[in-house]
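# Summary of the model geometry
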Amino acid sequence: MSTTGGAPGVSEYRRGEQNIDLSPPAEQIARRGDERSEIGQREELLTLNFGPHHPATHGVLRLLVRLEGEVVRDLRPIIGYVHTGIEKTAEDKSYWKVIPVVERMDYLSYYFNAMAFCGAVETLAQVDVPARAQYLRVIHLELNRIASHLIWLGTSILDLGATSIFLYGLRERELILDLFEMSSGQRMHTRYFQVGGVIEDIPPGFAKKLREFTKVMPKRTDEYRAILDSNEIVLQRLRGTCPLDAERLLSLGVTGPLLRAAGNPWDLRKAAPYSSYDDFEFKIPVGTVGDNYDRYACRVAEIYESVKIIEQALDGLPEGPFITSDRKVALPPRHELATSMEALIHHFKLVTEGFRVPDGEAYCAIESPRGELGCFVRADGSSKPARVHMRDPSFVNLQALSPMVEGSYIADMIATVAMLDPILGGVDR
Amino acid sequence: MPDATGLELIGKELGKAVLDKTFFRERATLDIDPTAVRAVLSQLREKGFAFLASVHGVDYYPHEPRLGVIYELLDMRRVDRITVRVRLPTDAPEIDSVTPDGDYGAGWPTANHQEREVYDMFGVVFRGHPDPRRILMPEDYEGHPQRRDFPVGGEPVLFTRDEAQWLEARE
């Protein structure tokens, strides 16, 4: 141990450690700028291209970052790398064929895309959705919300350097995908929601398996929290980094867990209940300061609430039809085709041409795992929509990235992109 | 949603700028004069519709004027939505941008990306937009693909095997 100079018994390393400047980066830069200008030196900004093929950008997001040392001065997202023209494609398909196309926009929350589109078409065509279908929708939506949050949790903690949560998260997501496979035959992009209800009733055994899941999920979430909430690295990386207040978030159009983390309890499931969300009791987790830790904590808390909703929906699942009996919109049951001429005609018309929707426009907004997911549909009386537009929360929320990270370290930018949870399939559509 | 009477009242208060009012399927829509868009939106903001949920474009082909820009406003305290719609012709469609010039109180920073998307897809030019570029399509792209007269499948795909041919066709 070297003890040259300074207080006796204090190592050079320790003294160096005590001299580390812990004041906010912006202040440090300003101070350094003053010193430099006194001796005639100046600093240049470094422009760094981040992405589009970088594992920490959660897809093909490209960020043009201007750095002053390690501090982000300016940031511009460049998007469009996975633009596939889904909105244009939808204009060339009959209404029921649009559902699988829009499901592929935000590829982690496919049930929500289908729900927003079906909601808009149901408003236009004035189709009533039976109570059982509404409950089945809620069950699948909330399962999907958990699955989406699990992927978010896994990948974003992976960005902070921990691998195990990713594996645990995918393990639980597997249970959800198994349930989706049971009810619809598909694990992703299930096409389970149809205009007027859902395509099929849940099969025998689904309820039992779902109960097993709702029993295990809160425990597993406790385990994630036990790993993360007392982890020094996670806390250092998340707590107090890149906060943004609710007012600024609202002016940027940000909704969902990001807004709730800043203390504004806006949730469309409570504020404007759709699909009988008003039948269920659940809480809306909110944060206080809106930093990365609050964003993390809000989403994790939402997992517990989603489980509660699923349990209630399963307990109160009403008997009855799972799709509207309006034969002009929904396919007739298979057994009727053998006996009823009318059913055969309806089946033929629906499969070949699709149903027609009267002239008009509708905007249906629902609460997706990332915020307000709105679907605008304009019908022109034909069997194809004249315009389908998705107000995707990822696309709008991405604008908040720059005000969030300006003036903080580049390492915090990585954490913020992760906590923002943009899905590039939804951003680019 | 404001009900039909509420819509009438709002329309009356906004005065001449309102060209038409529609109440369809519980959705209130104001058709307004394109030159008054900033004024109308800020008046509605004072009435409580402070959250701009969405800005999107529509092509009303074959009706004239063909293009439409739709602003979905939301009042978070009363949980109320109102839609503002402007119609623009396809030759030189221009409208004032509602994205701010710096100040948060006066503008709608959320419209930034969304107006760029409307420009990209429909060719509507937003006057005074801070960053008026394409957003989803490549910057050297020609045409506005969401217009109804833009052909589906009209996009050539560049493969290595037909690169020479493709470049020739471009010149």
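For chain A, the helix and strand inventory stands at 18 helices and 8 strands. In terms of overall dimensions, chain A has a C-alpha envelope of 100 × 45 × 35 Å along the principal axes. Evaluated residue by residue, chain A yields a buried proportion of 48% over its 429 residues. Of all intrachain contacts in chain A linking residues separated by at least 6 positions in sequence, the fraction that spans at least 24 positions is 68%.

We now examine the overall build of chain B. A tally of regular secondary structure across chain B gives 4 helices and 7 strands. Ordering the α and β elements of chain B from the N terminus gives α-β-β-α-β-β-β-β-α-β-α. When the backbone C-alpha atoms are referred to their principal axes, chain B occupies close to 65 × 35 × 25 Å. By the burial criterion, 37% of the 171 residues in chain B qualify as buried. Contacts spanning at least 24 positions in sequence make up 47% of the contacts within chain B whose residues lie at least 6 apart.

Turning next to the nonpolar core. Generally speaking, soluble globular proteins have nonpolar side chains that are buried together. If you look at the biggest cluster of nonpolar residues, it comprises 156 residues, and the most contacted ones within it are Ala116(A), Phe117(A), Ala120(A), Val121(A) and Leu73(B). Apart from the residues within four sequence positions on either side, Val121(A) is in contact with Tyr95(A), Val195(A), Val357(A) and Val377(A).

Turning our attention to helix α5 (residues 110-125) of chain A. Residues and elements named next belong to chain A. The terminal C-alpha atoms of α5, which comprises 16 residues, lie 22 Å apart, in line with the 22 Å expected from a rise of 1.5 Å per residue. By the criterion of burial, α5 is predominantly enclosed, with 16 of the 16 residues buried. Gln 126, located one to two residues past α5, shows a positive phi value of around 50°.

Let's shift gears to the interface of chain A and chain B. At the interface, 31 residues of chain A touch 25 residues of chain B. Breaking the side of chain A that touches chain B down by element, the ones donating at least two residues are α3 (86-90), α5, α10 (246-251), β6 (360-368), β7 (371-379), β8 (385-391) and α15 (393-397) of chain A.

Attention shifts here to the pairing of β7(A). All names here are of chain A. Across the 9 residues of β7, 9 count as buried, placing the element largely inside the fold. Both β6 and β7 contribute to a ladder of 9 bridges, which runs antiparallel. Residue pairing across strands places Ile 366 opposite Leu 373, the latter belonging to β7. Hairpin connection between β6 and β7: a loop of 2 residues separates the two successive antiparallel strands. By the bridge criterion, 6 bridges tie β7 to β8 in an arrangement that is antiparallel. Each bridged residue has a counterpart across the sheet, and for Arg 378 the counterpart in β8 is Arg 387.

Bringing the sheet that holds strand β3 (residues 71-78) of chain A into the picture now. Residues and elements named next belong to chain A. Read from one edge of the open sheet, 3 strands run β1-β2-β3, paired in antiparallel fashion. Here the strands that pair on one side only, and so sit at the sheet edges, are β1 (46-50) and β3. Pairwise comparison of adjacent strand axes, ignoring direction, gives a mean angle of 20° for this sheet. Sheet analysis places strand β2 (residues 62-68) next to β3, joined by 7 bridges and oriented antiparallel. Each residue of the ladder has a partner; that of Glu 68, found in β3, is Val 71.

Pairing between the strands of a sheet comes from backbone hydrogen bonds, and it takes one of two forms, parallel or antiparallel. Residue and element names in this part refer to chain B. One open sheet accounts for 5 strands, arranged β1-β2-β5-β4-β3; its pairing is mixed. Bordering the open sheet on either side are β1 (18-24) and β3 (51-59), each of which pairs with just one other strand. Direction aside, neighbouring strands of the sheet carry axes that sit 20° apart on average. Looking at chain direction, strand β2 (residues 27-32) and strand β5 (residues 80-88) are connected through 3 bridges and run parallel. Each residue of the ladder has a partner; that of Leu 30, found in β5, is Val 84. On the sheet, helix α1 (residues 4-14) packs against β1 and β2 and is oriented at approximately 170° with respect to β1.

With that settled, consider unusual backbone geometry. The omega torsion across Tyr61(B) and Pro62(B) is 5°, close enough to zero to call that bond cis. Along the chain, Pro62(B) falls in the loop between β3 and β4 (67-75). Omega for the peptide link from Glu64(B) to Pro65(B) comes to -15°, which places this bond in the cis form. Mapped onto the elements, Pro65(B) comes out in the loop between β3 and β4. Residues other than glycine seldom take positive phi values, yet Ser275(A) does so here, at roughly 45°.

By the element assignment, Gly161(A) lies in the loop between α6 (131-159) and α7 (164-184). Through-space distance from the C-alpha of Gly161(A) to that of Ala131(A) is 45 Å; in sequence the pair is 30 residues apart.

Residue and element names in this part refer to chain A. At a closest axis distance of 9 Å, the pairing of α6 and helix α13 (residues 292-315) adopts a crossing angle of 160°. If you check the angle between α6 and α13, you find them roughly antiparallel. For the pair α6 and α13, the crossing hand works out as left-handed. Of the residues in α13, those touching α6 at Tyr 135, Val 138, Ile 139, Glu 142, Leu 143, Arg 145, Ile 146, His 149, Trp 152 and Leu 153 are Arg 299, Val 300, Glu 302, Ile 303, Ser 306, Ile 309, Ile 310, Ala 313 and Leu 314.

On to the pairing of β2(B), then. Regular strands have side chains that alternate between both faces of the sheet. Residue and element names in this part refer to chain B. Taken together, the 6 bridges between β1 and β2 define a ladder with antiparallel strand orientation. Within the sheet, the bridge partner assigned to Phe 23 lies in β2 and is Ala 28. Taking the residues between adjacent antiparallel strands as the criterion, β1 and β2 are bridged by 2 residues, where Arg 25 takes a positive phi near 50°.

About the thresholds
- Residues numbered from 1 in each chain as written.
- Chains lettered and ligands numbered in written order.
- Predicted model: local features only at pLDDT ≥ 70, side-chain atom pairs only at ≥ 80, totals over all residues.
- Helix = DSSP H or I, 4+ residues; strand = E, 2+ residues; numbered from the N terminus.
- Buried ≥ 20, exposed ≤ 12 C-beta atoms within 10 Å, placed from the backbone.
- Contact = placed C-beta atoms within 7 Å.
- Core = buried A, V, L, I, M, F, W, Y, C linked by C-beta atoms within 7 Å.
- Expected span 1.5 Å × (residues − 1).
- Pairing = 2+ DSSP bridges.
- Axes fitted to C-alpha atoms, helices over the stretch in contact; angles between N-to-C directions.
- Parallel < 35°, antiparallel > 145°, perpendicular 65-115°, else oblique.
- Left-handed = near helix turned anticlockwise from the far one by under 90°.

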